[in-house]
Structures are given as C-alpha cells and as structure tokens.
Amino acid sequence: MEVLLLSDIKGIGHKNDLLTVRSGYALNCLLPQRLAIVATPKVRQQYADEIRKRAEEKQQQKALQESLADAISGKVVKIQAETAKGGKLYASVHAPDILRALADQFSITLPATALHIEKPIKSTGAHTVTVMLGAESTKLSIEVEGTPKK
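Peer 1: Any chance you could break down the side chain of Gln65 for me, citing the residues and the numbers?
Peer 2: Within the secondary structure layout, Gln65 lies in helix α2 (residues 41-72). In this structure, Gln65 is in contact with Leu133, Gly134 and Ala135, ignoring residues within four places of it in sequence.

See the structure below:
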C-alpha cells in the first residue's frame, strides 16, 4: 500500500515521503495513529505540488544567500569600543555587536547564527570573522577602534 508519511518515523522514512509499505502495517499502525495517509491520486498531486514549492523556496533562499555573500565581501565593519591603557578592550566584541554595526553601516541584516568568531575579539585593530550563509562562506573584516573610557 502506498502512503504519504505525515511525520518522521525512525527506520521507515521522513515527513512527506511517499512510500510503499505492507498493508497490515499501514492499516494497523500508520493510519490509526495518523502517521500517514493513503496515497490517492489527489494526495499524490498535492505531494508533487509541495515538492515543487519546496524546490522553489530552496532556490530563492540560495539566491538570497548568494546575494548577501556578495554584498558582504570586501566590506570592513568599524566598531567603536572602550579601551584601557595598552589597547585592550574592557569587554570583548561579540556577534550581536558586529551584526548591529553591519546593519547600521551597510543596511545588511544577517541571522545571528551566520557569524562564526574563531577567537574572542579582545583588542583593537583588524580582525576577520567567517560568515556562513548556507553553503556560502565569506570572510568579513572587522576594524575595532578604541575610545578611552569616560
């Protein structure tokens, strides 16, 4: 019997998979627990439409990520931070600070999970962070400028 899974089932398949399973398993387990529905022609058409829709959304998401990666490349984000004598920062520069500065200076908004800072930024000067946008990986230059504490 062909069924369309409505949720992930370990060892069987994932949500929205169209599978052929034994009739007894479908009738006694999957259908009563509402884990699957019978794959009628109407369900198959909806399934095909859903797959097409997801493929289009993935394509749009990929295009957006590529455009963000192109917009970020070559940019230098300048951040002002309070420093002590010797150029050390009172507080390290974190991802939210970088994201805020990027939005203020270049009007580019990124998700918080996109920035990967290898080691904490605790001093003034030039630093580099990695921006992961899906499969796209780009380096972003950060210039930390010190201001004396008031």
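Having seen the structure, we can now continue with the description.
Peer 1: Would you mind going over unusual backbone geometry in detail, with residue names and values included?
Peer 2: Phi at Asn16 is positive, roughly 70°, even though this residue is not glycine. Located in the positive-phi region is Ser107, a residue other than glycine, with phi close to 55°. If you trace the backbone, Ser107 turns up in the loop between α3 (95-106) and β6 (115-116).

Peer 1: Got a sec to walk through a nonpolar patch on the surface? Specific residues and values, please.
Peer 2: A cluster of nonpolar side chains, contributed by Met1, Leu27 and Val38, occupies part of the molecular surface with about 230 Å² of accessible area. Counting through the fold element by element, Val38 comes out in strand β3 (residues 36-38). Overall, Val38 belongs to the partly exposed group, its relative accessible area being 36%.

Peer 1: Give a description of the sheet that holds strand β1 (residues 2-5) that names residues and reports values.
Peer 2: The strand order across the open sheet built from three strands is β2-β1-β3, with neighbouring strands paired in antiparallel fashion. On the outer flanks of this sheet lie β2 (18-20) and β3, each paired with one strand and no other. Looking at each pair of strands side by side, their axes are set apart by 35° on average, direction ignored. Here β1 runs beside β3; their pairing, made up of three bridges, is antiparallel. Its bridge partner lying in β3, Leu5 is registered against Ala36. Contacts from α2 reach β1, β2 and β3 within the one sheet, and its direction differs from that of β1 by about 40°.

Peer 1: Break down the nonpolar core for me, citing the residues and quoting the values.
Peer 2: By size, the foremost hydrophobic cluster in this structure holds 24 residues, and its most contacted members are Ile98, Leu110, Val131, Leu133, Leu140 and Ile142. Going through the elements one at a time, α2, β4 (76-83), β5 (88-93), α3, β8 (125-133) and β9 (136-148) are the ones with two or more residues in this core. Beyond its immediate sequence surroundings of up to four residues, Val131 is in contact with Ile72, Leu110, Ala114, Leu115, Glu136, Ser137, Thr138 and Leu140. Formed by seven residues, the second largest nonpolar core is a distinct cluster that contains Ile9, Val21, Ala26 and Leu30.

Peer 1: Hey, could you go over the environment of Val43 for me, with residue numbers and the actual values?
Peer 2: Mapped onto the fold, Val43 is located in helix α2. Sequence separation between Val43 and Leu18 is 25 residues, and the spatial gap between their C-alpha atoms is 9.8 Å. Ignoring anything within four residues of it in the chain, the contact list for Val43 reads Leu4, Ile37 and Val38.

Peer 1: Report on the pattern of salt bridges, specifying residues and quantitative values.
Peer 2: Between side chains of opposite charge, a pair can form when the charged atoms approach closely. Applying the stated criterion across every chain yields a total of four salt bridges. In this structure, Arg52 engages Asp49 in a salt bridge whose closest nitrogen and oxygen atoms are separated by 2.8 Å. Within this pair, Arg52 and its partner Asp49 are both found in helix α2, separated by three residues, close to a single helical turn. Between Glu50 and Arg54 there is a salt bridge, with the nearest N and O atoms lying 3.9 Å from each other.

Peer 1: Help me get a handle on α2, residues and values and all.
Peer 2: Here α2 is 32 residues long and its end C-alpha atoms lie 47 Å apart, about the 46 Å a rise of 1.5 Å per residue gives. Within α2, burial applies to Val43, Tyr47, Gln65, Leu68, Ala69 and Ile72. In the core, the buried residues of α2 are packed alongside β1, β2, β3, β8 and β9. Directly beyond the C-terminal end of α2, a positive phi value near 85° is found at Gly74.

Conventions and cut-offs
Residues numbered from 1 in each chain as written. Predicted model: local features only at pLDDT ≥ 70, side-chain atom pairs only at ≥ 80, totals over all residues. Heavy atoms only, no water. Helix = DSSP H or I, 4+ residues; strand = E, 2+ residues; numbered from the N terminus. Contact = heavy atoms within 4.5 Å. Patch = residues over 30% accessible without salt bridge, like charges linked within 9 Å, V, L, I, M, F, W, Y side chains within 5 Å. Areas by Shrake-Rupley, 256 points an atom, 1.4 Å probe, with all protein chains shown as cover. Salt bridge = Lys/Arg side-chain N within 4 Å of Asp/Glu carboxyl O. Buried < 20%, exposed > 50% of the residue type's maximum accessible area, 1.4 Å probe, protein only. Pairing = 2+ DSSP bridges. Axes fitted to C-alpha atoms, helices over the stretch in contact; angles between N-to-C directions. Core = buried A, V, L, I, M, F, W, Y, C linked by side-chain atoms within 4.5 Å. Expected span 1.5 Å × (residues − 1).

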